[in-house]
Amino acid sequence: MTTKSSLTVEKVIAYVKEKWGLFGISTLVIFVLQLLSTKILLSIVLGVVITALLPSDTIKKVIKKTK
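For clarity, every value in this text was computed on a predicted model and none was experimentally measured.

**Things to note about the environment of Phe31**
Tracing the backbone through its elements, the reader meets Phe31 in helix α1 (residues 9-37). C-alpha separation for the pair Phe31 and Ile63, spaced 32 residues apart in sequence, amounts to 33 Å.

Below, the structure written as C-alpha coordinates:
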(Lines give C-alpha, C1' and ligand atoms only; values in the text may rest on other atoms or scores of the structure.)
Protein backbone atom coordinates (compact mmCIF):
# COMPACT_ATOMS: atom_id res chain seq x y z
CA MET A 1 0.00 0.00 0.00
CA THR A 2 1.26 3.47 -0.79
CA THR A 3 1.23 6.02 1.95
CA LYS A 4 0.20 9.59 1.30
CA SER A 5 2.16 12.33 2.96
CA SER A 6 -0.05 14.24 5.32
CA LEU A 7 -0.25 17.99 5.60
CA THR A 8 1.78 19.14 8.56
CA VAL A 9 2.36 22.49 10.18
CA GLU A 10 5.97 22.44 9.05
CA LYS A 11 4.95 21.97 5.41
CA VAL A 12 2.46 24.84 5.63
CA ILE A 13 5.03 27.15 7.23
CA ALA A 14 7.62 26.22 4.62
CA TYR A 15 5.14 26.95 1.81
CA VAL A 16 4.16 30.32 3.29
CA LYS A 17 7.82 31.31 3.73
CA GLU A 18 8.56 30.26 0.17
CA LYS A 19 5.71 32.28 -1.34
CA TRP A 20 5.79 35.30 1.03
CA GLY A 21 8.14 37.40 -1.12
CA LEU A 22 6.05 36.88 -4.23
CA PHE A 23 2.89 37.78 -2.30
CA GLY A 24 4.45 40.97 -0.95
CA ILE A 25 5.70 42.09 -4.36
CA SER A 26 2.38 41.43 -6.07
CA THR A 27 0.51 43.25 -3.29
CA LEU A 28 2.81 46.26 -3.65
CA VAL A 29 2.32 46.33 -7.43
CA ILE A 30 -1.47 46.20 -7.06
CA PHE A 31 -1.35 48.96 -4.43
CA VAL A 32 0.73 51.25 -6.68
CA LEU A 33 -1.55 50.58 -9.65
CA GLN A 34 -4.59 51.48 -7.57
CA LEU A 35 -2.91 54.68 -6.44
CA LEU A 36 -2.18 55.55 -10.05
CA SER A 37 -5.74 54.84 -11.06
CA THR A 38 -7.07 57.21 -8.40
CA LYS A 39 -4.43 59.80 -9.30
CA ILE A 40 -3.35 60.06 -5.66
CA LEU A 41 0.22 59.11 -6.51
CA LEU A 42 0.27 61.68 -9.31
CA SER A 43 -0.89 64.43 -6.96
CA ILE A 44 1.70 63.44 -4.34
CA VAL A 45 4.51 63.50 -6.92
CA LEU A 46 3.28 66.83 -8.28
CA GLY A 47 3.18 68.27 -4.76
CA VAL A 48 6.75 67.13 -4.10
CA VAL A 49 7.94 68.67 -7.37
CA ILE A 50 6.22 71.99 -6.64
CA THR A 51 7.66 72.02 -3.13
CA ALA A 52 11.13 71.34 -4.50
CA LEU A 53 10.78 74.20 -6.98
CA LEU A 54 9.69 76.75 -4.36
CA PRO A 55 12.51 78.74 -2.80
CA SER A 56 13.26 77.69 0.75
CA ASP A 57 12.77 81.28 1.98
CA THR A 58 9.12 81.13 0.98
CA ILE A 59 8.61 77.90 2.90
CA LYS A 60 10.33 79.37 5.97
CA LYS A 61 8.04 82.43 5.86
CA VAL A 62 4.93 80.26 5.64
CA ILE A 63 6.09 78.06 8.52
CA LYS A 64 6.92 81.13 10.62
CA LYS A 65 3.43 82.60 9.98
CA THR A 66 1.68 79.37 10.92
CA LYS A 67 3.54 79.20 14.26
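What follows picks up the thread again.
**Section: a nonpolar patch on the surface**
On the surface, Ile25, Leu28, Val29, Phe31, Val32, Leu33 and Leu36 cluster together to form a nonpolar patch covering roughly 660 Å² of accessible area. By the element assignment, Leu33 lies in helix α1.

**Section: the confidence of the model for the chain**
Chain-level pLDDT for the chain is 77 on average; 91% of the residues reach the 70-or-more range. The element-level mean pLDDT for the chain is lowest in helix α3 (residues 56-66), coming to 74, with α1 highest at 81.

Reading the values: rules and limits
Residues numbered from 1 in each chain as written. Predicted model: local features only at pLDDT ≥ 70, side-chain atom pairs only at ≥ 80, totals over all residues. Heavy atoms only, no water. Helix = DSSP H or I, 4+ residues; strand = E, 2+ residues; numbered from the N terminus. Patch = residues over 30% accessible without salt bridge, like charges linked within 9 Å, V, L, I, M, F, W, Y side chains within 5 Å. Areas by Shrake-Rupley, 256 points an atom, 1.4 Å probe, with all protein chains shown as cover. Salt bridge = Lys/Arg side-chain N within 4 Å of Asp/Glu carboxyl O. pLDDT = per-residue confidence, 0-100.

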